[in-house]
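Coordinate inspection notes
Chain residues, written in single-letter form:
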Amino acid sequence: VAISVALGAALAAMAFAAPQGGVPRLLGRSATLAAAIVVLHFTGMGAATVLPDGAAAVPAAVLDRRWLAALIAAVAAAGLLAALLAALVEARLALAASAAEAARRLRELADATFEGIAICDGFRIAEANQQLAELLGRPREAVVGAAITDVLWPAGGSDLAALLAEARTRPVAAALAGADGPLPIEVRARRLETPEGPRAVV
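Residues numbered from 1 in each chain as written. Predicted model: local features only at pLDDT ≥ 70, side-chain atom pairs only at ≥ 80, totals over all residues. Heavy atoms only, no water.

Brief notes about the pattern of salt bridges
Filter applied, for reference: Here, a salt bridge means any side-chain nitrogen of Lys or Arg that lies within 4 Å of a carboxyl oxygen of Asp or Glu. Each residue gets one of three labels from its accessible area relative to the maximum for its type: buried under 20%, exposed over 50%, partly exposed in between, using a 1.4 Å probe on protein chains only.
Counting across every chain of the model gives four salt bridges. The salt bridge involving Arg124 is made with Asp121; its shortest N-O contact spans 3.8 Å. For Arg124, a relative accessible area of 37% translates into the label partly exposed. On the basis of relative accessible area, Asp121 is assigned to the partly exposed category, the value being 31%. Among the ionic contacts, a cluster of salt bridges with common partners joins Asp121, Arg124 and Arg199.

Now the structure itself:
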């Protein structure tokens, strides 16, 4: 009994003292805590001697031992599955919250610049900062999702793809569809790798 208490307490302490963060560590802590429960139970049961009384009458309504064992196993498995699903949902929510916080910080950083910035998926504006919205004289919600070909015009009649390719090496003169008419600007572009695929920062 003393050994079972000592082992169970040691494993439980290890589970709660383990570093947090990430699904693998969460599963490791859960497995250590489960081991603490199993070791406590089976080691403690080793200290007990069970002597069945053969003279005791067993009521007919008692569930068969095999069905009882299957029922207990099913309930235990359902409990473990529910705990695992809860842990995975918690980890997914934590990752989503972290991604949302990172996106908020990135947007604040973009809004703190003096230049208009657009992140483009092909020729569609996937994200824009407040400065670009003000230059265009539109709310940011109207800029996001718009075609960059509708707001940015190359100088000298070249096409936009050629302008963006050249803008990766040096500033290129162009015109922006400003609130009061075409606005002369300089354009720089850079490729950006994202989880959704490559994007162009303009």
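Some details on the nonpolar core
For soluble globular proteins, nonpolar side chains are generally found buried alongside one another. Rules: Among buried residues, the Ala, Val, Leu, Ile, Met, Phe, Trp, Tyr and Cys ones that are joined through side-chain atoms within 4.5 Å form a nonpolar core. Strands here are runs of E lasting at least two residues and helices are runs of H or I lasting at least four, both read from the DSSP assignment and numbered beginning at the N terminus. Contacts were defined at the residue level, with two residues in contact if any of their heavy atoms lie within 4.5 Å.
Ranked by size, the top nonpolar core spans 23 residues in total, and within it Ile125, Ile148, Leu152, Leu163, Val187 and Val202 carry the most contacts. Of all the secondary-structure elements, those providing two or more residues to this core are strand E1 (118-121), strand E2 (124-128), helix H4 (130-136), helix H6 (160-166) and strand E4 (172-178). Element by element, the count of residues in this core is highest for E4, at four residues. In contact with Leu152, not counting residues within four places along its chain, are Leu160, Leu163, Ala174, Ala175, Leu176, Ile185, Val187 and Val202.

Brief notes about the side chain of Gln131
What counts is decided by this rule: Counting of polar contacts relies on pairs of N or O atoms within 3.5 Å, with two restrictions inside protein: one atom must be capable of donating a hydrogen and the other of accepting it, and residues adjacent in sequence are counted only when both atoms are side-chain atoms.
Note that Gln131 resides in helix H4. In this structure Gln131 comes out as buried when scored by relative accessible area, which is 18%. Here the side chain of Gln131 touches Asn129 through a polar contact of 3.2 Å, side chain to side chain. Here Gln131 is in contact with Ala110, Asp111, Thr113, Phe114, Glu115 and Gly116, once residues within four sequence places are set aside.

Some thoughts on the pairing of E4
The test is simple: The pairing criterion for strands is at least two bridges between them, as found by DSSP.
Within E4, six of the seven residues are buried, which leaves it mostly tucked inside the rest of the structure. As paired elements, strand E3 (residues 152-154) and E4 share three bridges and run antiparallel to each other. Paired with Pro154 across the bridge in E4 is Ala174. Note: E4 against strand E5 (residues 181-187), seven bridges, orientation antiparallel. Looking at the pairing, Ala174 lines up with Ile185 of E5. Counting the residues in the hairpin turn of E4 and E5 gives two residues.

Looking at the packing of helix H1 (residues 2-17) against helix H2 (residues 23-45)
So the rule is basically this: Only the stretch in contact is used when fitting a helix axis, every axis being a line fitted to C-alpha atoms; angles between N-to-C directions are given from 0 to 180 degrees. Put simply, angles under 35 degrees are roughly parallel, angles over 145 are roughly antiparallel, angles from 65 to 115 are roughly perpendicular, and the rest are oblique. In the scheme used here, Gly and all other residues not listed as nonpolar or charged are polar, with Ala, Val, Leu, Ile, Met, Phe, Trp, Tyr, Cys and Pro taken as nonpolar and Asp, Glu, Lys and Arg as charged.
It is the contact of H1 with H2, at a shortest axis distance of 8 Å, that shows an interaxial angle of 175°. One element, H1, and the other, H2, form an angle in the roughly antiparallel class. Between H1, through Ile3, Ser4, Val5, Leu7, Gly8, Leu11, Ala12, Met14, Ala15 and Phe16, and H2, the contact on the second element is made entirely by Arg29, Thr32, Leu33, Ala35, Ala36, Val39, Leu40, Thr43 and Gly44. A breakdown of the residues in the contact of H1 with H2 according to their chemical character gives 13 nonpolar, five polar and one charged.

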